[in-house]
Amino acid sequence: MIPMSADEIKQFWHGFCERQRIKPDMRAEGDRRIEADPDYWADQTMWQLVEAIKGDSDSSSRRDQ
């Protein structure tokens with residue numbers, strides 16, 4: 001595990017979001033996930049976080065159909 005605080009991970013996430021033009025709602029969801037489990041997200045790539053968020057939104061949109 002990489003020793004990082006939740007704030008440090010979120011700073012990295014915010015920079016990633018700016019560079020990749022991630023939408024504000026996805027950025028906010030990433031913040032929530034990082035806060036919920038910073039140790040897990042310290043060892044994942046930011047693209048994995050994006051994919052996790054997209055996967056959840058895809059499955060919830062399928063439930064609505």
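It should be noted that the structure appears before, not after, this text.
Numbering of residues starts from 1 in every chain and runs along the sequence as written. Where totals are concerned, whole chains, interfaces and linings use all residues; where local detail is concerned, this predicted model gives features only for residues with pLDDT of at least 70, and gives and counts side-chain atom pairs only at 80 or more. Side-chain numbers come from the whole structure's heavy atoms, not from hydrogens or water.

Points about the overall build of the chain
The criterion, for reference: To qualify as a helix, a DSSP run of H or I must reach at least 4 residues; to qualify as a strand, a run of E must reach at least 2; elements of each kind are numbered from the N terminus. Think of it in three bands: with a 1.4 Å probe and only protein chains considered, a residue is buried below 20% of the maximum accessible area for its type, exposed above 50%, and partly exposed in between. When checking whether two residues touch, look at their non-hydrogen atoms; a contact exists if any pair is within 4.5 Å. For every accessible area listed, the method is Shrake-Rupley and the probe measures 1.4 Å; residues are considered covered only by the protein chains on display.
Within the chain, the secondary structure is distributed over four helices and zero strands. N-terminal to C-terminal, the α/β element order of the chain is α-α-α-α. Here the chain, with 65 residues, has 31% of them falling under the buried criterion. Long-range contacts, defined here as pairs at least 24 residues apart, represent 54% of the contacts in the chain between residues at least 6 apart. Working note: accessible area of the chain is about 4,600 Å², and carbon and sulfur atoms make up 48% of it.

What to know about the nonpolar core
Inclusion rule: What is meant by a nonpolar core is a set of buried Ala, Val, Leu, Ile, Met, Phe, Trp, Tyr and Cys residues, joined one to another through side-chain atoms within 4.5 Å.
Counting residues in each nonpolar core, the largest one holds 14 residues, and the members touching the most others are Trp13, Phe16, Ile22, Ile34, Leu49 and Val50. Sorting the residues of this core by element identifies helix 1 (6-20), helix 2 (24-36), helix 3 (38-42) and helix 4 (46-64) as the ones contributing at least two each. A per-element tally of this core places helix 1 first, with five residues. Not counting chain neighbours up to four residues away, the residues in contact with phenylalanine 16 comprise Ile22, Met46, Trp47 and Val50.

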